Amino acid sequence: ERGATFEARAARREQLLAPCGGFVAFLRLTLVAGNVLNAGTARAAYGFRLGALLKLATVKANDGAPRKGQYTLLDHLARELATRGFDAAGDASAA
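Student: Please clarify how the nonpolar core should be interpreted in this entry.
Tutor: Note on soluble globular proteins: their nonpolar side chains tend to be buried together. Within the largest apolar cluster, 8 residues are counted, these being A25, F26, L29, A33, L56, L73, L77 and L81. If you list the elements that add at least two residues to this core, you get α2 (21-37) and α3 (73-83). With 4 residues, α2 is the largest single contributor of residues to this core.

Structure representation (structure tokens):
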């Protein structure tokens, strides 16, 4: 694929990742969340290191509301995916 055009590489990625729709949606949502958190800075990203996914469980809400357990960014992303129609297995719900 070294000499392939951008469009050809993008089409190949889509073909390879099609069975992983929920995971791809999670990665896209994670990128969007990171860009929202970095809004107003020069840190807009086109990607992130997979190791950054480990930090999602440590970034906690700071809205002043007392909670039984801390609400993390990972919790929020999972809730967003469920709202958008992806279940825990990553399959699109037949809504």
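Student: I keep staring at the environment of L81 and nothing clicks. Help me out?
Tutor: You can see L81 is positioned in helix α3. When its relative accessible area of 11% is taken as the criterion, L81 is described as buried. When the C-alpha positions of L81 and L29 are compared, they lie 8.2 Å apart, and in sequence the two are 52 residues distant.

Student: Is there a simple way to explain the pattern of salt bridges in this structure?
Tutor: Two side chains with opposite charge may pair up if their charged atoms get near one another. Inspection of the entire model under this criterion finds 1 salt bridge. Between E80 and R84 there is a salt bridge; the shortest N-O distance is 3.4 Å.

Student: Please explain the packing of α2 against α3 as it appears in this structure.
Tutor: The relative placement of two packed helices comes down to the angle between their axes together with the axis-to-axis distance. Axis separation between α2 and α3 bottoms out at 10 Å; the angle between their running directions is 125°. By the criterion of interaxial angle, the relationship of α2 to α3 is oblique. Of the two elements, α2 crosses α3, and the hand of that crossing is right-handed. Of the residues in α3, those in contact with G22, A25, F26, L29, T30, A33 and L37 of α2 are L73, L74, L77, E80 and L81. Among the residues making up the contact of α2 with α3, the classes are represented as 9 nonpolar, 2 polar and 1 charged.

Quick notes on the rules
Each chain has its residues counted from 1, running along the sequence as written. Since the coordinates come from a predicted model, pLDDT governs what is reported: local features require at least 70, and pairs of side-chain atoms require 80 or more to be given and counted, while whole-chain, interface and lining totals use all residues. Side-chain measures here rest on the full set of heavy atoms in the structure, leaving out hydrogens and waters. Side-chain atoms within 4.5 Å link the members of a nonpolar core, which is a set of buried Ala, Val, Leu, Ile, Met, Phe, Trp, Tyr and Cys residues. Think of it in three bands: residues with accessible area under 20% of the maximum for their type are buried, residues over 50% are exposed, and the middle band is partly exposed, with areas taken using a 1.4 Å probe on protein chains only. Secondary structure elements follow DSSP: runs of H or I of four or more residues count as helices, runs of E of two or more count as strands, with numbering from the N terminus. Here, a salt bridge means any side-chain nitrogen of Lys or Arg that lies within 4 Å of a carboxyl oxygen of Asp or Glu. Axis lines are fitted through C-alpha atoms, for helices just across the contact stretch, and the angle between N-to-C directions can take any value from 0 to 180 degrees. Each angle gets one of four labels, with under 35 degrees taken as roughly parallel, over 145 as roughly antiparallel, 65 to 115 as roughly perpendicular, and the rest as oblique. Note on convention: the crossing is left-handed when the near helix lies turned anticlockwise from the far helix by less than a right angle, right-handed when the turn is clockwise. Contacts are residue-level and defined by heavy atoms, with any inter-residue pair within 4.5 Å sufficient. Three categories are distinguished: nonpolar for Ala, Val, Leu, Ile, Met, Phe, Trp, Tyr, Cys and Pro, charged for Asp, Glu, Lys and Arg, and polar for the others, with Gly belonging to the last.

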